[in-house]
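Tertiary structure, described
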Amino acid sequence: MTDWDLPDPFIYRVAARAEDIDAFGHVNNGVYPRWLDETAWAHWDSEGFDEETCIAARRGMAIMRAEYDYLAASFAGDDLDIAVWVTASDRRLRAERRFQIRRAEDGKTLFRALWKIVCFDLDSGKPARMSAELKSHYAVKPAVEAAMQRL
């Protein structure tokens, strides 16, 4: 399936495991944010960066605001495709990521999320300008920018 909310996503696949399941028999709501974090790091890694890149530059990105829309349940054994896009960035301090999770088997969207994030200095914990690597990573792709303008 290729019908993602926005064009040109980075896609990371996870498998819902038995330990992700809660007393109600589906993936616990707290698991989804963990998967988003894994996806964000995989997206970063896919561009040739790693945690050491952030540490060397003494910069990191922190979530200021998160919005989650839980649309349908997932269950143990489900393969899930998590799409992520950088949808806004001033390439100085602030950026935005959007996520969409779909069940691989049928393409059903189960979850959407929005993260508003800010760059910070690892030493002081205060907001700080993005490193060159962060500026590069947090550039909005032209196709995504055009799609966002149509929303």
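This section reports on the structure supplied with the text. Just so it is clear, the structure is predicted and the values come from calculations on it, not from any experiment.

We now examine the packing of aromatic side chains. On inspection of all chains with the given rule, the structure shows nine aromatic pairs. With 6.4 Å between their ring centres and 70° between their planes, tyrosine 68 and tyrosine 70 make a pair best called edge-to-face. Given a relative accessible area of 28%, tyrosine 68 falls into the partly exposed group. Exposure remark for tyrosine 70: the relative accessible area of 35% places this residue in the partly exposed category. Ring geometry for tyrosine 68 against phenylalanine 111: centres 5.6 Å apart, planes inclined by 35°, an arrangement best described as tilted. Of this pair, tyrosine 68 sits in strand S2 (residues 59-70) while phenylalanine 111 is found in strand S5 (residues 109-121), placing the two residues 43 residues apart along the sequence. A relative accessible area of 0% means that phenylalanine 111 is categorised as buried. A network of ring pairs unites the aromatic residues Tyr32, Trp35, Tyr68, Tyr70 and Phe111 as a single cluster.

We now examine unusual backbone geometry. The residue arginine 58 is not glycine, and still its phi comes out positive at about 60°. Mapping arginine 58 onto the fold places it in the loop between helix H2 (51-57) and S2. With phi around 55°, arginine 91 is a residue other than glycine that occupies positive phi space. Relative to the helices and strands, arginine 91 resides in the loop between strand S3 (79-89) and strand S4 (94-103). Judged by its relative accessible area of 39%, arginine 91 is partly exposed.

Rules and cut-offs
- Residues numbered from 1 in each chain as written.
- Predicted model: local features only at pLDDT ≥ 70, side-chain atom pairs only at ≥ 80, totals over all residues.
- Heavy atoms only, no water.
- Phe/Tyr/Trp six-rings, centres within 6.5 Å; stacked < 30°, edge-to-face > 60°.
- Buried < 20%, exposed > 50% of the residue type's maximum accessible area, 1.4 Å probe, protein only.
- Helix = DSSP H or I, 4+ residues; strand = E, 2+ residues; numbered from the N terminus.

Honestly, it's all geometry; don't read function into it.
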